[in-house]
Amino acid sequence: MKIFLDTANLNEIREGVAWGVVDGVTTNPTLISKEEGKFEKIIKEICRVVNGPVSVEAVSTSSDEIVEEGKELSKISPNVVIKIPMTVDGIKAVKKLNDLKIKTNVTLVFSPSQAILAAKAGADYISPFIGRLDDISTDGMNLIEDILTMYENYSFKTQVIVASIRHPVHIVEAALIGAPIVTVPFPVLEKLVRHPLTDIGINKFLEDWKKVRK
Ligand code: G3P
């Protein structure tokens, strides 16, 4: 399973990379808006720090403009993957960018039918948002399961990035059904480490070590 960090915060990205478990980064306009500094400089620095794909979202809405924006963004670094919202224009742009060998990630995916179209258009990645489905009382992980089955049925090459992850159980459930990639907010990555019995165990060992004659 690959772990991407779902953030544009360089401190979080540097720390995650230092753990040695980060395979890529995903950003979106909301995440970028939380950071200080110029957009291009932030992306350039993220790409310097991370040895893997870095998704950057196009904000144009017509297919021709998305393609032009994608071409410009892809010049920032070879790591850049163009994140494109799931619309008709988005799908047309994915096809054109695919022909230009520019990598794409179709985002804001909420249904199996959207996932079929993204794969047919040649998307390298898709990002189904499971947390936002859970928020409206729909099981987001069922969507991931369905998409994985459909992609396997037809050997589609598009890779599923489980997105909108809210807690560690999402990651464990994604791993149990074989999702290839999860994109994780840094606070959730930190939660993967913690267990109260680990802390109790460490304290006990350190206390007992004091009694050992050296
Ligand atoms: O990459 C975008 C996605 O992960 C959004 O998550 O928490 O805003 O639904 P969230």
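Relevant structure appears above.
Rules and cut-offs
- In this numbering scheme, every chain counts its residues from 1 along its sequence in written order.
- It should be noted that, the model being predicted, local features are given only for residues of pLDDT at least 70 and side-chain atom pairs only at 80 or more, the latter also being counted only at that level, while totals for whole chains, interfaces and linings use all residues.
- Only hydrogens and water are removed before side-chain values are computed, so all heavy atoms of the structure are retained for them.
- Starting at the N terminus, helices and strands are each numbered in turn, a helix being any DSSP run of H or I of at least four residues and a strand any DSSP run of E of at least two.
- To sort residues, take the accessible area from a 1.4 Å probe on protein chains only and compare it with the maximum for the residue type: under 20% means buried, over 50% means exposed, and anything in between is partly exposed.
- We get accessible surface area from the Shrake-Rupley algorithm with a probe of 1.4 Å; when it comes to residues, only the shown protein chains can shield them.
- Under the convention used here, Asp and Glu are negative, Lys and Arg are positive, and both His and the chain ends fall outside the count.
- In plain terms, the charge of a residue is placed at NZ if it is Lys, CZ if Arg, CG if Asp and CD if Glu.
- Note on ring pairs: Phe, Tyr and Trp rings are taken, using the six-membered ring of Trp, and paired if centres are within 6.5 Å. Classes follow the plane angle, with under 30 degrees stacked, over 60 edge-to-face and the rest tilted.
- Any residue with a heavy atom positioned within 4 Å of a molecule or strand is treated as near that molecule or strand.
- Any N or O atom pair separated by 3.5 Å or less is treated as a polar contact, with the protein-specific requirement of one donor-capable and one acceptor-capable atom, and with residues adjacent in sequence counted only for side-chain atom pairs.
- Only Asp, Glu, Lys and Arg are considered charged in this grouping, and only Ala, Val, Leu, Ile, Met, Phe, Trp, Tyr, Cys and Pro are considered nonpolar; every other residue, Gly among them, is considered polar.
- Multiplying one less than the number of residues by 1.5 Å gives the expected span of a helix.
- Between two residues, a contact is recorded if the distance between any of their heavy atoms is within 4.5 Å.

Chemist: Run through the overall build of the protein chain, naming residues and quoting values.
Modeler: Counting its secondary structure elements, the protein chain contains 11 helices and eight strands. Once the C-alpha set of the protein chain is aligned to its principal axes, its extents read approximately 75 × 40 × 30 Å. Counting the 214 residues in the protein chain, one finds 46% classified as buried. Total accessible area on the protein chain stands at roughly 11,700 Å², and carbon and sulfur atoms take up 55% of it. One way to put it: in the protein chain the 26 positive side-chain charges average out to a point 6 Å from where the 28 negative ones average out.

Chemist: Provide a residue-level description of the packing of aromatic side chains, including the pertinent values.
Modeler: For the structure shown, the criterion picks out five aromatic pairs. Their ring planes at 75° and their centres at 5.6 Å tell us that Y151 and F156 sit as a pair that is edge-to-face. Residue Y151 is classed as buried on the basis of its relative accessible area of 4%. According to the relative accessible area criterion, F156 is partly exposed, its value standing at 25%. Note on Y154 and F156: the rings are 6.0 Å apart at their centroids and 45° apart in plane angle, and the pair reads as tilted. Among the aromatic residues, ring-to-ring pairing joins Y151, Y154 and F156 into one connected group.

Chemist: Summarise the site of the ligand; cite the residues concerned and give the values.
Modeler: Residues in close proximity to the ligand include D6, N28, K83, F129, R132, A163, S164 and R166, which together make up its full environment. Interatomic distance of 2.5 Å between a side-chain N/O atom of D6 and an oxygen atom of the ligand. A distance of 2.7 Å separates an oxygen atom of the ligand from a polar side-chain atom of S164. If the ligand stood free it would expose 310 Å²; the protein chains cover 82% of that surface. Residue composition of the shell around the ligand, by class: two nonpolar, two polar and four charged.

Chemist: Got a sec to walk through helix α8 (residues 140-153)? Specific residues and values, please.
Modeler: Given a rise of 1.5 Å per residue, 14 residues ought to cover 20 Å, and the 20 Å separating the end C-alpha atoms of α8 matches this to within 8%. Buried within α8 are the following residues: G140, M141, L143, I144, I147, L148, M150 and Y151. Contact partners of the buried residues in α8: β5 (104-109), α6 (112-121), β6 (125-128), α7 (130-135), β7 (159-162) and α9 (168-176). The backbone nitrogen of M141 has a side-chain oxygen 2.9 Å away, supplied by the residue at the start of α8, namely D139. Phi turns positive, to about 50°, at S155, one or two residues after α8.

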